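A structural walkthrough
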Amino acid sequence: MSTTTRIGISMPMLNLPAARYPELARLADDAGFDSLWTYEFYRNPFVTLAGCARATQRIQLCTGIAAATARTPNEMAQAAADVDEISDGRMVLGVGIGGASWAEFYNGTEIDKPLSRVREYVSTMRAIWQHHAVGADLEQTGAFYSAASPPFNAFGLRQHQRRPRIPTYVGGVGPKMLQMGGEVADGVLGFVVTPEFVRDHMIPMVEQGAERAGRSPSEVDVAALVLCSVSDDREVALRRARINVGMYVAYPGAERMVEFAGLAADRDKLIAALMSEGPAALETATSDELVRAFSISGTPSEARDQLAAYEGILPHIVLHTPYVPPISATDSEDAFRQTISTFGRPATE
């Protein structure tokens, strides 16, 4: 494991039985990983982290991301505070507007003006935490979200665990969202990145935002999900990587990173194959160039060499476990365990 870059790992939230997550979390904790990440598809990421909190001792517990459009700021703030309490202050709250074609269809919510919505959402949550922490009156009125102290509250205020303000990251890769993260957030979380994209785009945008707000850029953690598929069987590792990279690259929002890497033509061919053949095309239509650019994949030795490319560039890398169908639950758990064995170290080191 790297000695300077912080390393996290994501759990395969889509296809494993919920009862498996605490055991996997314990493996990551024991192996010395810095952070453990859930994300939001069908399962509630806070419920998963609450279950993992009791199975772990030191690892940070992070949402990457929890959908703001599905919750009021108060609901999100209280859910994060629950996990922070259960884990003795290890919660990191990653928030975003929600995945394209997800929030607006499943949740029936609007996702327009994401920059303004997320900025206001973070501000409102922090006001709620501050209200409970010091008893200050709460009066937040915005274009999208509002919250206020009840005129009469016989129940008192919530007692926070260790800190009244939970570290909050915003998800995004566009220049304005990254700049906003640099202005107001404790961190930013990207996806489908290359070392060059982090160095030449993410870091400068965060720095611009931080400097505009009079902050030191060092106050803002820059994190990103990087697909990681490791196996002693190289072909198994590459198959899993190809499926997961293909789905992420084809997903709306990945255009910026793909074009930055000069692989727009590869993406266009992949999308055309997906439209004509369905998900089965991921195994054949995702080019080797896309896999090399957007994953750490191969044998353990190859994966360690590839991770080195992020050293000194990406402050916080989150090794993202393959999970996209037709990857099975067995495949996902094996991939998680292989990542642990490849990059782990005793937590006492």
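These lines cover the structure that appears in this document, whether it is placed above or below. Computed from a prediction, not measured in an experiment: that's the story for all the values here. (Residues numbered from 1 in each chain as written. Predicted model: local features only at pLDDT ≥ 70, side-chain atom pairs only at ≥ 80, totals over all residues. Heavy atoms only, no water.)

Re the nonpolar core
Side chains of a nonpolar character, in soluble globular proteins, are inclined to be buried together. What counts here: Put simply, a nonpolar core is a bunch of buried Ala, Val, Leu, Ile, Met, Phe, Trp, Tyr and Cys residues held in one set by side-chain atoms that sit within 4.5 Å of each other. Working definition: with a 1.4 Å probe on protein chains only, accessible area under 20% of the residue-type maximum means buried, over 50% means exposed, and in between means partly exposed.
In terms of nonpolar packing, the biggest core is built from 95 residues, with Phe-33, Leu-36, Leu-93, Phe-294 and Ile-296 touching the most fellow members. Core analysis: the second largest hydrophobic core is formed by eight residues, Trp-37, Tyr-169, Leu-225 and Val-318 among them.

Considering the packing of aromatic side chains
Operational definition: Stacked, tilted and edge-to-face are the three classes applied to pairs of Phe, Tyr and Trp rings, where Trp contributes its six-membered ring and a pair requires centres within 6.5 Å; stacked means planes under 30 degrees apart, edge-to-face means over 60, and tilted covers the rest. Strands are runs of DSSP state E lasting at least two residues, helices are runs of H or I lasting at least four, and both sets are numbered from the N terminus onward.
A complete count under the given rule lists nine aromatic pairs for this structure. Ring geometry for Phe-144 against Tyr-145: centres 6.4 Å apart, planes inclined by 55°, an arrangement best described as tilted. Where Phe-197 meets Phe-260, the ring centres are 5.3 Å apart and the plane angle is 90°; that geometry is what we call edge-to-face. You can see Phe-197 sitting in helix α7 (residues 195–212) and its partner Phe-260 sitting in helix α9 (residues 255–260), a full 63 residues away along the chain.

Regarding the layout of surface pockets
To find leftover empty space, a probe the size of one water molecule is rolled over the atoms. Condition: Using only the protein atoms, space was sampled on a 1 Å grid; points where a 1.4 Å probe fits but cannot get out form cavities, open sets with protein on both sides within 12 Å along at least five of seven lines form pockets, and lining residues are those with an atom within 4 Å of a point. Grid points are joined across faces, edges and corners, and a volume is the space filled by probe spheres set on the points. By the convention adopted, Pro, Cys, Tyr, Trp, Phe, Met, Ile, Leu, Val and Ala count as nonpolar, Lys, Arg, Asp and Glu as charged, and the other residues, Gly among them, as polar.
In this model, the second largest pocket occupies a volume close to 250 Å³. Every residue lining the second largest pocket is counted, 14 residues in all, and those nearest its centre are Val-291, Arg-292, Ser-295, Ser-297 and Gln-306. For the lining of the second largest pocket, the elements supplying multiple residues, two or more each, are α8 (234–250), α12 (288–294) and β11 (295–298). No other element matches α12, which puts four residues into the lining of the second largest pocket. Its residues assigned to classes, the lining of the second largest pocket shows seven nonpolar, three polar and four charged.

So, the pattern of salt bridges
A side chain with one charge may pair with a side chain of the opposite charge, provided their charged atoms come close. This is how the line gets drawn: Salt bridges, as used here, are contacts in which a Lys or Arg side-chain nitrogen is within 4 Å of a carboxyl oxygen on Asp or Glu.
Applying the stated rule across the entire model yields 25 salt bridges. The partner of Asp-29 in a salt bridge is Arg-58, and the shortest N-O contact between them spans 3.4 Å. On the criterion of sequence distance, the pair formed by Asp-29 in helix α1 (residues 21–30) and Arg-58 in the loop between α2 (45–53) and β3 (60–63) is long-range, its members being 29 residues apart. Measuring nitrogen to oxygen at the nearest pair gives 3.8 Å for the salt bridge that ties Arg-267 to Glu-255. Pair noted here: Arg-267 is in helix α10 (residues 264–277) and Glu-255 is in helix α9, with a separation of twelve residues, a long-range link. For Arg-267, a relative accessible area of 10% puts it in the buried group. Using a relative accessible area of 32% as the deciding quantity, one classes Glu-255 as partly exposed. Residues joined in a network through salt bridges with shared partners are Arg-239, Arg-240, Glu-283, Asp-331 and Asp-334.

Some points on the pairing of strand β8 (residues 168–171)
The condition that has to hold: Here, a strand pair is defined by DSSP locating no fewer than two bridges between the strands. Crossovers are described as right-handed under a simple rule: with the strands pointing away from the observer, the path leading from the first strand over the helix to the second runs clockwise.
When strand β5 (residues 91–96) meets β8, the two strands line up parallel, connected through three bridges. By the bridge assignment for β8, Leu-93 is matched with Thr-168. The sheet contact formed by β8 and strand β9 (residues 187–191) spans three bridges and is parallel. Of the residues in β9, the one forming a bridge with Val-170 is Val-188. Viewed along the sheet, the connection from β8 through helix α6 (residues 175–184) into β9 turns out right-handed.

A short note on helix α14 (residues 329–343)
Each turn of an α-helix holds 3.6 residues, which means side chains three or four residues apart point in the same direction. For the record, the criterion: What a helix is expected to span follows from its residue count: subtract one and scale by 1.5 Å.
When the terminal C-alpha atoms of α14 are compared, their 21 Å separation across 15 residues agrees well with the 21 Å that a helix rising 1.5 Å per residue should span. Listed in full, the buried residues belonging to α14 are Asp-331, Ser-332, Glu-333, Ala-335, Phe-336, Gln-338, Thr-339, Ile-340, Thr-342 and Phe-343.

Some thoughts on the environment of Ser-229
As a reminder of what qualifies: In this analysis, two residues are considered to be in contact whenever any of their non-hydrogen atoms come within 4.5 Å of each other.
As for its position among the elements, Ser-229 is in strand β10 (residues 221–230). Residue Ser-229 is classed as buried on the basis of its relative accessible area, which comes to 0%. With 67 residues separating them in the primary sequence, Ser-229 and Ile-296 have C-alpha atoms 6.3 Å apart. Each residue touching Ser-229, except ones within four places of it in the same chain, is listed here: Ala-237, Arg-240, Ala-241, Ile-296, Ser-297, Gly-298 and Pro-322.

Examining the side chain of His-132
We count it as follows: Here a polar contact means two N or O atoms within 3.5 Å. Within protein one must be a hydrogen donor candidate and the other an acceptor candidate, and residues neighboring in sequence count only if both atoms are side-chain atoms.
Examined against the element boundaries, His-132 turns out to sit in helix α5 (residues 114–134). Accessibility expressed as a relative area gives 17% for His-132, which makes it buried. Here Arg-158 takes part through its backbone nitrogen, which lies 2.9 Å from a polar atom of the side chain of His-132. Look past the residues within four positions of His-132 in its chain and what remains in contact with it is Gln-78, Leu-157, Arg-158 and His-160.

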